[in-house]
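# A closer look at the structure
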Amino acid sequence: MKTYYKNFTHRQLDSLIHNRLRLAILSAVAHSEEVDFMSLKNAVKTTDGNLSIQLKKLEEAGYIAINRSVQISRKQTNVALTNKGFNALQEYKALILDWLNL
């Protein structure tokens, strides 16, 4: 029986995306043009502080854009996936699917 091994070099994975909370955030945001902070927090089931930290990391990488505004005397934070973030997520998905393709 001949054995074939694909290239499973773990260094190919985008380490920023390969974090379960950041992957959940990017996946949730990818399904909408823009997501408000509270909806995103509820979708990924995390705390305000943890979500804020992860959003900052994703924003610094250019994967998301954050729009902060004031709506009727309250702060509103909306998150959107950038083209760079969309492309990185697609590359991550393609790599994982290739690895899992039996």
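What you see is a predicted model; the values in this text were computed from it and never measured.

On to the nonpolar core, then. Counting residues in each nonpolar core, the largest one holds 24 residues, and the members touching the most others are Ile25, Leu26, Leu40, Leu55 and Ile64. Of all the elements in the fold, those that place two or more residues in this core are helix H1 (20-30), helix H2 (37-44), helix H3 (48-60), strand S2 (64-71), strand S3 (74-81) and helix H4 (83-100). Top element by residues in this core is H4. It accounts for 5 residues.

Before going further, it helps to spend a moment on the pairing of S2. With 8 bridges joining them, S2 and S3 adopt antiparallel strand pairing. Bridge pairing in S3 places Val70 opposite Lys75.

Bringing the sheet that holds S3 into the picture now. The strand order S1-S3-S2 describes an open sheet built from 3 strands, whose pairing is antiparallel. Both edges of this open sheet fall to strand S1 (35-36) and S2, since each of them pairs with a single strand only. Alignment of S1 against S3, held across 2 bridges, turns out to be antiparallel. Along S3, the bridge assignment pairs Val35 with Val79. H1 rests against S1, S2 and S3 of the sheet, and its axis sits at about 90° to S3.

Take H4 next. Between its first and last C-alpha atoms H4 spans 26 Å; for 18 residues at 1.5 Å apiece the expected length is 26 Å, and the two agree. Buried within H4 we find Gly85, Ala88, Leu89, Tyr92, Leu95 and Trp99. Down the axis of H4, the smallest arc covering the buried residues is 125°, so these residues share one side. In H4, the exposed positions angled more than 90 degrees off the buried face are occupied by Asn83, Glu91 and Leu97. On its buried face, H4 is in contact with H1 and S3.

Following both chains from N to C, one finds H2 and H3 inclined at 105°, their axes separated by 10 Å at the closest point. Put simply, H2 runs roughly perpendicular to H3. In this structure, H2 uses Phe37, Leu40, Lys41 and Val44 to contact H3, whose residues at the interface are Asp48, Leu51, Ser52 and Leu55. Classifying every residue of the contact of H2 with H3 by side-chain character gives 5 nonpolar, 1 polar and 2 charged.

Procedures and definitions
Counting starts from 1 at the beginning of each chain's written sequence and moves along it residue by residue. This being a predicted model, a pLDDT of at least 70 is required before a residue's local features are given, and a value of 80 or more before pairs of side-chain atoms are given or counted; all residues contribute to the totals for chains, interfaces and linings. Computation of side-chain values covers all heavy atoms of the structure but excludes hydrogens and water. Nonpolar core, defined: a set of buried Ala, Val, Leu, Ile, Met, Phe, Trp, Tyr and Cys residues in which side-chain atoms within 4.5 Å join the residues together. Using a 1.4 Å probe on the protein chains alone, a residue whose accessible area is under 20% of its type maximum counts as buried, one over 50% counts as exposed, and one in between counts as partly exposed. Put simply, DSSP H or I for four residues or longer makes a helix, DSSP E for two residues or longer makes a strand, and each gets a number counted from the N terminus. Whether two strands pair depends on DSSP finding at least two bridges between them. Working rule for contacts: check all heavy atoms of both residues, and any pair within 4.5 Å makes them a contact. Where helices are involved, their axes are fitted lines through C-alpha atoms of the stretch in contact, as for all axes, and angles between N-to-C directions lie from 0 to 180°. In this scheme, a helix's expected span is set at 1.5 Å multiplied by one less than its residue total. Relevant arc is that of directions from the helix axis to the C-beta atoms, nothing else. Oblique is the label for any angle not covered by the other classes, which are roughly parallel (under 35 degrees), roughly antiparallel (over 145) and roughly perpendicular (65 to 115). Nonpolar residues are Ala, Val, Leu, Ile, Met, Phe, Trp, Tyr, Cys and Pro. Charged residues are Asp, Glu, Lys and Arg, and all others, Gly as well, are polar.

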